[in-house]
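Coordinates in review
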Amino acid sequence: MSNTDRDVDHALAYPEPPASPLWHRHGGAKARPLTPAQQKRNYELLELAQRTTRPRAPRPTQTLAEAS
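Here the focus is the overall build of the chain. For the chain, the count of helices and strands is 2 helices and 0 strands. Buried residues in the chain amount to 0% of all 68 residues. Carbon and sulfur atoms make up 57% of the accessible area of the chain, which amounts to about 7800 Å² in all.

One pass over the structure, following the stated rule, counts 1 salt bridge. The shortest N-O distance in the salt bridge between K40 and E44 comes to 3.7 Å. With K40 and E44 both in helix 1 (residues 36-51), this residue pair falls 4 residues apart, about one helical turn.

Definitions and limits used
- Residues numbered from 1 in each chain as written.
- Predicted model: local features only at pLDDT ≥ 70, side-chain atom pairs only at ≥ 80, totals over all residues.
- Heavy atoms only, no water.
- Helix = DSSP H or I, 4+ residues; strand = E, 2+ residues; numbered from the N terminus.
- Buried < 20%, exposed > 50% of the residue type's maximum accessible area, 1.4 Å probe, protein only.
- Areas by Shrake-Rupley, 256 points an atom, 1.4 Å probe, with all protein chains shown as cover.
- Salt bridge = Lys/Arg side-chain N within 4 Å of Asp/Glu carboxyl O.

Structure below.
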């Protein structure tokens, strides 16, 4: 069964909202490229985040005052 344009319910097809003006750069100001030191730091942080595992068990619901 193929889906054709006739099968689409156009009442449910909402138009895309306009983009925020904050997303656009006006003028000649361009983003500065990262320095090699910044690239290395980002790479190290990414590696660390990927190696770090999240605990499987949920944290205890007791507060510190209740636990002591």
